[in-house]
Amino acid sequence: MEISLFVVLLLAGIFHAESKFMVYDTSPRLVPGKINVHLVAHTHDDVGWLKTVDQYYVGSNNSIQGACVENVLDSMVTALLADKNRKFIYVEQAFFQRWWRDQSETVQGIVKQLVRSGQLEFINGGMCMHDEAATHYIDMVDQTTLGHRFLKKEFGVTPRIGWQIDPFGHSAVQAYLLGAEVGFDALYFGRIDYQDRDKRKGEKSLEVVWRASRNFDASAQIFAGAFPENYEPPPGGFYFEVNDDSPIVQDDINLFDYNVQDRVNDFVAAAVSQANITRTNHIMWTMGTDFKYQYAHTWFRQMDKLIHYVNKDGRVNALYSTPSIYTDAKFATNESWPIKTDDFFPYADSANAYWTGYFTSRPAIKRYVRMMSGYYLAARQLEFFKGRSDSGPTTDALADALAIAQHHDAVTGTEKQHVASDYAKRLSMGYDKAEELVAASLACLAESMPSAGCGNPTTKFQQCALLNISYCPPSEIDLSHGKKLIVVVYNSLGWKRDDVIRIPVINEDVTVHDSNGKVIESQILPLVNAHVGMRNYYVKAYLGKTPSEAPKYWLAFSASVPPLGFSTYTISRAERTASTLTTSSVFTPRAMETSTVEVGQGNLRLTFSADVGKMTHYTNSRSLVKEPVQLSYSFYTGNDGSDKDPQASGAYIFRPNRTFVIKPEEESPLTVMRGPLLDEVHQRINPWIYQVTRLYKGKEHAEVEFAVGPIPIDDGIGKEVATQITTTMATNKTFYTDSNGRDFIKRIRDYRTDWDLKVNQPVAGNYYPINLGIYIQDDKTELSVLVDRSVGGSSIADGQIELMLHRRLLHDDSKGVAEALNETVCIHDKCTGLTIQGKFYFRIDPLGEGAKWRRSAGQEIYSPFLLAFTEEDGDNWMSSHVPTFSGIDPSYSLPDNVALITLQELDDGKVLLRLAHLFEIGEDKDLSVMSSVELKKLFPGKKISKVTEMSLSANQEREEMEQKRLVWKVEGSPEKEPELARGRPVNPTNLVVELAPMEIRTFVIEIGSLPLRKSQMPEDGRYAA
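What counts, and at which threshold
- Residues numbered from 1 in each chain as written.
- Predicted model: local features only at pLDDT ≥ 70, side-chain atom pairs only at ≥ 80, totals over all residues.
- Heavy atoms only, no water.
- Buried < 20%, exposed > 50% of the residue type's maximum accessible area, 1.4 Å probe, protein only.
- Helix = DSSP H or I, 4+ residues; strand = E, 2+ residues; numbered from the N terminus.
- Pairing = 2+ DSSP bridges.
- Salt bridge = Lys/Arg side-chain N within 4 Å of Asp/Glu carboxyl O.
- Axes fitted to C-alpha atoms, helices over the stretch in contact; angles between N-to-C directions.
- Disulfide = S-S within 2.5 Å.

Trainee: Sorry, what's going on with the pairing of strand E36 (residues 773–777) here?
Mentor: Along any regular strand the residues' side chains alternate between the sheet's two faces. Among the five residues of E36, four are classified as buried, and the element is accordingly described as predominantly covered. As defined by bridge partners, strand E33 (residues 734–739) adjoins E36 across two bridges and the pair is classed as antiparallel. Bridged to Thr737 within E36 is Ile774. Note that E36 and strand E37 (residues 781–787) share five bridges and pair antiparallel.

Quick look at the structure:
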């Protein structure tokens, strides 16, 4: 510590020696009756955009952008030491942690002192400044938790302020969940619609109290502020990076160009201008922008002078500040603030620049992020059941990769191509480590009792990361000569799940046995040429090798898996007498033979027209819903920016020129496959769109699989491909979209709640982000569509839902990325446009009955079955291994309205648990109610010694957070707000967690093991942990 103090004094002496003839008075003070200008020194450091995250950190690849975050952080420390009144805020922990690991104990000690003194403040505190449109709420929570727990561990601090200054629109979930529920007192951001901003300036309502949740209303409100222009210094020339062209404060009267009074006048004018659109006498200036303060002294030298001379002038008061200080000053005024509800989507910064294209841009990486998110959730569960090990594989690398991928220029698809490749590479490397962990955990659980410890399992499980393109080497083995394939199916949901599994196989005559050795019903479907071609091309492109001969079939069978557990299935060559395997019947209806084709063997039937090759009717015999319905495709031609307004369609911007309907090709009729488990209808829509519609036995929804691409650009025109589901429902311009996979928000076409919308872009201006789903309703029925990744969507016409599936554009949209959104895949330097394969799901219900499917199926889409494969060695797998497992009490499952979204063993051996109520108030007559979870049954055989409820990001106790929360006054509200239901504190005796609708509760649990009682060990060897 003596060394640290010496360094501080030495550095301070050096910097003050430079100013020996002039000492600037930067003492912070708030002056009543004057405009107080809070100067917030900040840098906005994108965790990847034009350069990769590591290139930005070390400062390489500067031909693209001169940016080095390492310089920013190094420079910041010395600049703060030069004057104790200087302050600086920092946000992105992905960068800060890289820097922190490289520092000596001496420098770390200095930085800790800067944090304790308030000179350095961590704002937001996540690994990145995540996006708010293309992100799922679980990912937002996870990446924030990673950053927050690091800051708590290293510095003992809990960030107070949300700082979402660059994302392109702002979500309700960000405000109430990633704002109020993590303990933030305020949330500040830079981008709102230009029409909204203009109106708010006139009303002095850029700063509001945001009540984004209908379910929690005032109890989850947050003070929120939109900046007058952006997150940069105000107009008037206040940029002070090296080589910036703003005039400095030249205060040496012995030199030419003395300009102190001019600069003071500029400052006062800018302050008065902002004060005229801001309530109270406090305004914030964001002194910085992207990758600034690489030589921090150039900024602080000028701000020192401005503070000194402006305060000497006396017309306004200037001070070094932080968003926390600014927020406290605002709160102290006791002002009543306007209320904001819902969200800030969509965002436009000019008449033809709607930032709604990025809702879909780079759909492949959006899907990859979503797949890895669900996999990470399951892998952490298995890591907990096995026991976390510092020496073996962990989920840490995947956690870091996923966290960085939530950045607002990552999952958004708004980065350069080489940066997108870097994100994908990091996810792949993280997956490899997590895959090792999952394989080891399943082997451990399959070979031994959890209470006995894992030992050294010998089973080698393999998984299939490319199953979506029909590539799964472990399942493509020849089952001749007595070989048997073992498939372990893990269910990460908190309730029992029954679903159909499909894997590629090379043998047609196979049979499937369940965990009890019973032969179960299965179905063989042919692998069509369209899928074989995609498989061969993309395996070669991604793995660099030509795959073995393609399997000829899909094997489908029904799996039934306990909650947080697995079941085991054996696949072998069928005996001659086997009667449970059915080969799908395949036929191609001809218009001259039949005019319609009906598929589906349960309650749900779909009718197709054979002559036009389109779906025509949806019929559910149970619910008595019968609705005309059509699926269609179209594409928008992207505007090239060549008209009077040069705004082009690009990675960020959706600006369509014209719409073209894509008609199914007459020479490519329907192909229908029928079987006992599922029916499929295959359609070649055109040379670059292929569609499969599936109906599963026992399910009352349709699954639509699409393959779109390569989108042709031979005509020199970029295209944006959408699909429409059209009904006759009278929906009156109204539809509903989710907020980050959580709350549903009402949308009305060509309408905004907060201002009178001037419609300039009738399509792009009505697009919204979709992470879970979208639905429409009339007075009788509701149509719901669920998605497998983030997409953009809307209801452009009454009775219709539209999803944007893929975009390929040839012009940059001039929003900074400087690259056209033209994704290609290359083999031996020959490149073709990227093909996107994905799924969406739809269902029509009687009015008021659709929420249960949206919520439960949404969880199943997010958390699919995890499959692991191995070959049986001999004939004794079921007798020598544990065939079924559940991590919770075998008699227990979570309620239908509750999801377990985090089960994770932390570094200190404690357990992080999050439980989420899935339904909103009034959403479902049976499930929008208080629910409860029994922790003793969630952790059977374990002694729960302590349960501590935490904030959402698990960095402070919930009770402490609530006590510190600032309670803001709002215009027109009663003195005492009505209290909405929340779950009561957990009783340490019965250990029951209550959850009100939409409530998420986070706990840190300390547990130990109890001796295994005989009653916990069933006679057949199956067990729960």
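Trainee: Hey, could you run me through the pattern of salt bridges in this one?
Mentor: Here the idea is simple: oppositely charged side chains can pair when their charged atoms come close. In total, this model carries 66 salt bridges according to the counting rule given. Glu819 is the salt-bridge partner of Arg362, the closest N and O atoms lying 4.0 Å from each other. One end of the pair, Arg362, is in the loop between strand E13 (353–354) and helix H12 (363–386); the other, Glu819, is in the loop between strand E39 (800–808) and strand E40 (824–827), and 457 residues separate them in sequence. Look at the salt bridges and you will find they share partners, linking Arg502, Glu680, Arg694, Glu703, Glu705 and Lys839 into a network.

Trainee: How should I be thinking about the sheet that holds strand E7 (residues 222–226) in this particular structure?
Mentor: Hydrogen bonds between backbone atoms are what pair the strands of a sheet, whose relative direction is either parallel or antiparallel. Strands sit in the order E4-E5-E7-E6-E11 across an open sheet of five strands; the sheet is mixed. The open sheet terminates on both sides in strands that have one partner only, identified here as strand E4 (161–164) and strand E11 (339–341). Each adjacent strand pair in this sheet contributes to an overall mean axis angle of 30 degrees, direction not counted. Pairing of strand E6 (residues 207–211) with E11, which is carried by three bridges, proceeds in the parallel orientation. Among the inter-strand pairings, Trp210 is bridged to a residue of E11, identified as Lys340.

Trainee: In this structure, what is going on with the state of the cysteines? I would like to understand it.
Mentor: Here a disulfide denotes one covalent bond, and it connects the sulfur atoms of two cysteines. A complete count under the given rule lists two disulfides for this structure. Note that Cys464 is cross-linked by a disulfide to Cys472, the S-S spacing being 1.9 Å. Between Cys464 and Cys472, the S-S torsion sits near 60 degrees, and that sign places the bridge as right-handed. Take Cys464 and Cys472: they sit in the same class, and that class is buried. Covalent S-S linkage joins Cys826 and Cys831, the inter-sulfur distance amounting to 1.9 Å. One quick way to see it: the torsion about the S-S bond of Cys826 and Cys831 is about 105 degrees, and its sign makes the bridge right-handed. Between Cys68, a free cysteine, and Cys128, which holds the nearest cysteine sulfur, the sulfur-to-sulfur gap is 20 Å. A relative accessible area of 6% places Cys68 in the buried class.

Keep in mind that these numbers describe shape and distance, not what the molecule does.
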